[in-house]
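A look at the structure
In case you want the letters, here they are:
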Amino acid sequence: MAKSTNIQIARAYLTSKIWQTFVAVLGVTFGVSMYIFMNSFMNGVNKTQDDLAFSALSHIRIYNQDNMNVYNPIESQFNQSKTIINILNRKNIQYTTGLNNSSSIVSSVKKQTEVIAVACQVNSSVFFRSGSKKVNGIISGVELEPEDELFKTSSTIIQGAWNNLQTHKTGIILGKLLAEKLGLQINNSVNVLTSDGVSKNYMVVGIFESNLKTMDETKAYLNITAARQLVGENSDYASDILVNIKDRDNTASFIQKITSMIPYQIESWQEANEQLVAGSELRNIIAIAVSLTILLVAGFGIYNIMNMTINEKIKEIAILKATGFSGNDIMTIFLTQATVIGLLGAIVGVIMGYGMSLLITLVPFTIAGLETLPIFFRAQDFLLAVVFGILTTLIAGYLPSRKASKIDPVIIIRG
Amino acid sequence: MEKTTSLEIRNLIKYFHEPETFQVLKGVSFTAKKGEFLSIVGKSGSGKSTLLYVLSTMDTDYEGTLQINGDVLTGKTQNQLAAFRNKHIGFVFQFHYLLPEFSALQNVMLPALKLGKLSTEEIEHKAYESLRLLDLEGQELKNANRLSGGQQQRVAIARALINNPSVIMGDEPTGNLDSKNSRAVQEIFKQLAQEHGQTIICVTHDPDFANNTDRIIEMQDGLIV
């Protein structure tokens, strides 16, 4: 009974100065909606950035690097003192690079439950020649299906078809800019010269355009079998094995799991692209800093309004106390007001933040394969916005409420 | 009717510390019987209002003991005292002090809703009844700040009475009223004391009012004379 009386009084106070209540609610609304909008926008940007990056980047790459060899039989043999060794014109041995037993690695990686897709690649830098034109670039021998699963490469083909590589054993798919440089069109033939001096002719069966300019300028796809032939390797050879897993932020634990089974180097995308990670982290920090600042400002607004209300009502608070309302009752009355303001503000803020974000997705933005500004909603942002909004209001309301609960009625009533 | 003790103070001493330490009450003792209508008079600065606020339990910064209905109230916490006031003490102030956001009826009902002993319907009925007795029929649902001064004061009295307090205190309850309204309030108080056995203690400047009471306590320089 007494509790509901307090709430009744709180309601009367909230509705009697509806404009003040409205302004206070608006403060929270802005804070919450900005929090949602900023975070959804930043998530959209991060997601776009990642999608862009992961159109050419796998989560995990397994490769065999030609390590600098430190083995030196002479120095280890004659290691006594007072021996002078002078080796002239020392040559390094070319060790095998790449993986000669790719299928066994692929099958052991595929057994892991986290894995989405595994693809072998044979990559080699080559010269593309057409007539008198000579352009250096990278040739990538790919397994068609897994490659498409990893990077959705088939969707980047603008002329010809991805599956042409399957049907044409000597087919090649060129980057758009590379084809332009060489003056090549579909069904033309192009000569490829490897660093080992092997030269072979291929027929252009497709042209792709990705969102990465460097790829369009330098890259060409071959069927992996054709590529193995070109570099003169066995039919189980791969220069890289690319793996995508379910949770790309969780590469470290996955690598730890497979590292004992695979005798080659394993690299996560985070290690290979630290600037990507840093970029998205920094954007997240900015988003949180901006939105928390807004909430803080809203909090000060609420604090001011509550303080004002309490100063205005100081006589009435004294009366309530004189007629038997305790300090706790007074606190309940004003905290109820703060809670209502916080809840209303949060609800309206969620709706407004959502609406604002939807509006932003209509703004055209045509760079790097985008059409409009990116927005990505996450439930946790909405939840946190509501929690922060209500928390700010409660803290902002608590201090004035405590002040009100400590008002000494005698001082007020005596005047 | 046998008169039992309603309120008792023993050797009340109080200091003001601002602007400088000054002894306002210098050891005041008196007893009020149940159903007694008392007035406290004295020049301003004699300590009569200060005494009333100590009696009202709102001011707790004093030495000595205060006892109402046999309960020693000295040393209780603010919250305990608030609950005690709610149940046992009714107030009428010089400036009626109603809550302007609420209707006359709601103003009267609030202390009873806080006490929570009766249902809302019963309280409402009681509030209507008591407003009617105070000649406020038809004004119940008006907002408090739209009533005249005399009406507001009577609403304040109705509020003071709603919980059937054993003690009613007034700080110049008629100070802001014309003689007609003032007389009406005096009659109400007298009736309450006689018919309901409620103890009434009022601080007043008005000699007419004081002469109309059962006993006059005159204060001078912090002492009863």
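Above this note sits the structure.
All figures in this text were calculated on a predicted structure; none of them were measured in a lab.

**Comments concerning the overall build of chain B**
Each helix and strand in chain B was counted, giving seven helices and 10 strands. Expected size for 225 residues packed as a compact globule is a radius of gyration near 17 Å; at 17 Å, chain B falls within 12% of this value. In terms of overall dimensions, chain B has a C-alpha envelope of 50 × 45 × 35 Å along the principal axes. Burial analysis of chain B (225 residues in total) assigns 50% to the buried set. Contacts in chain B between residues at least 24 apart in sequence constitute 72% of all its contacts with a sequence separation of at least 6.

**Considerations on the overall build of chain A**
If you tally the helices and strands in chain A, you get 16 helices and 10 strands. Rg of the C-alpha trace for chain A: 34 Å, well past the compact-globule value of 22 Å for 415 residues, more than 25% over. Projected onto its principal axes, the C-alpha coordinates of chain A cover approximately 105 × 65 × 40 Å. Looking at chain A residue by residue over its 415 residues, the buried ones come to 38%.

**Considering helix H15 (residues 379–405) of chain A**
In this model H15 of chain A runs 38 Å from its N-terminal to its C-terminal C-alpha over 27 residues, within 8% of the 39 Å that 1.5 Å per residue would give. Along H15 of chain A, the helix axis deviates most sharply at Tyr 398 of chain A, where the bend reaches about 30°; the proline Pro 400 of chain A sits within four residues downstream.

**Digging into the packing of helix H3 (residues 104–115) of chain B against helix H4 (residues 120–133) of chain B**
All names here are of chain B. The interhelical angle for the contact between H3 and H4, taken along N-to-C directions, is 130°, at an axis separation of 9 Å. By the angle between their directions, the pair H3 and H4 is classed as oblique. Helix-helix and strand crossings are classified by hand; for H3 and H4 the assignment is right-handed. Contacts between H3 and H4 pair Ala 104, Leu 105, Val 108, Met 109, Ala 112 and Leu 113 from the former with Thr 120, Ile 123, Glu 124, Ala 127, Ser 130 and Leu 131 from the latter. In the contact of H3 with H4, the residues fall into nine nonpolar, two polar and one charged.

**Structural notes on the sheet that holds strand E6 (residues 89–92) of chain B**
All names here are of chain B. Reading across from one edge, E6-E7-E8-E3-E9-E10 is the order of the six strands in this open sheet, with mixed pairing throughout. Lying at the two open borders of the sheet, with one neighbouring strand each, are E6 and strand E10 (223–224). Sheet topology note: the E6/strand E7 (residues 167–171) ladder contains four bridges and is parallel. Directly across from Phe 91, in E7, lies its bridge partner Met 169.

**With respect to the packing of H3 of chain B against helix H5 (residues 149–161) of chain B**
Residues and elements named next belong to chain B. One can describe the packing of H3 onto H5 by two numbers: an axis separation of 7 Å at closest approach and a directional angle of 25°. Accordingly, the angle class assigned to the pair H3 and H5 is roughly parallel. Our pair here, H3 against H5, has a crossing hand that is right-handed. Facing Ala 104, Asn 107, Val 108 and Pro 111 of H3, the residues of H5 in contact are Val 155, Ala 158 and Arg 159. When its residues are assigned to classes, the contact of H3 with H5 shows five nonpolar, one polar and one charged.

**Topic: the interface of chain B and chain A**
It is common to report an interface's size as the accessible area lost on association of the parts. Taken together, the 22 residues of chain B in the interface contact 21 residues of chain A. The set of elements that each furnish at least two residues to the side of chain B that touches chain A consists of helix H1 (48–55), helix H2 (78–88) and H3 of chain B. Residue contributions to the side of chain B that touches chain A peak at six residues, all from H2 of chain B.

**Digging into the environment of Glu 122 of chain B**
All names here are of chain B. Counting through the fold element by element, Glu 122 comes out in helix H4. When the 11 C-beta atoms within 10 Å are taken as the criterion, Glu 122 is described as exposed. Spatially, the C-alpha atom of Glu 122 lies 9.9 Å from that of Ala 112, the residues being 10 residues apart in sequence.

Parameters and conventions
Residues numbered from 1 in each chain as written. Chains lettered and ligands numbered in written order. Predicted model: local features only at pLDDT ≥ 70, side-chain atom pairs only at ≥ 80, totals over all residues. Helix = DSSP H or I, 4+ residues; strand = E, 2+ residues; numbered from the N terminus. Rg over C-alpha atoms; globule rule 2.2 N^0.38 Å. Buried ≥ 20, exposed ≤ 12 C-beta atoms within 10 Å, placed from the backbone. Contact = placed C-beta atoms within 7 Å. Expected span 1.5 Å × (residues − 1). Bend = angle between axes of the 7 residues up to and from the residue. Axes fitted to C-alpha atoms, helices over the stretch in contact; angles between N-to-C directions. Parallel < 35°, antiparallel > 145°, perpendicular 65-115°, else oblique. Left-handed = near helix turned anticlockwise from the far one by under 90°. Nonpolar A, V, L, I, M, F, W, Y, C, P; charged D, E, K, R; others polar. Pairing = 2+ DSSP bridges.

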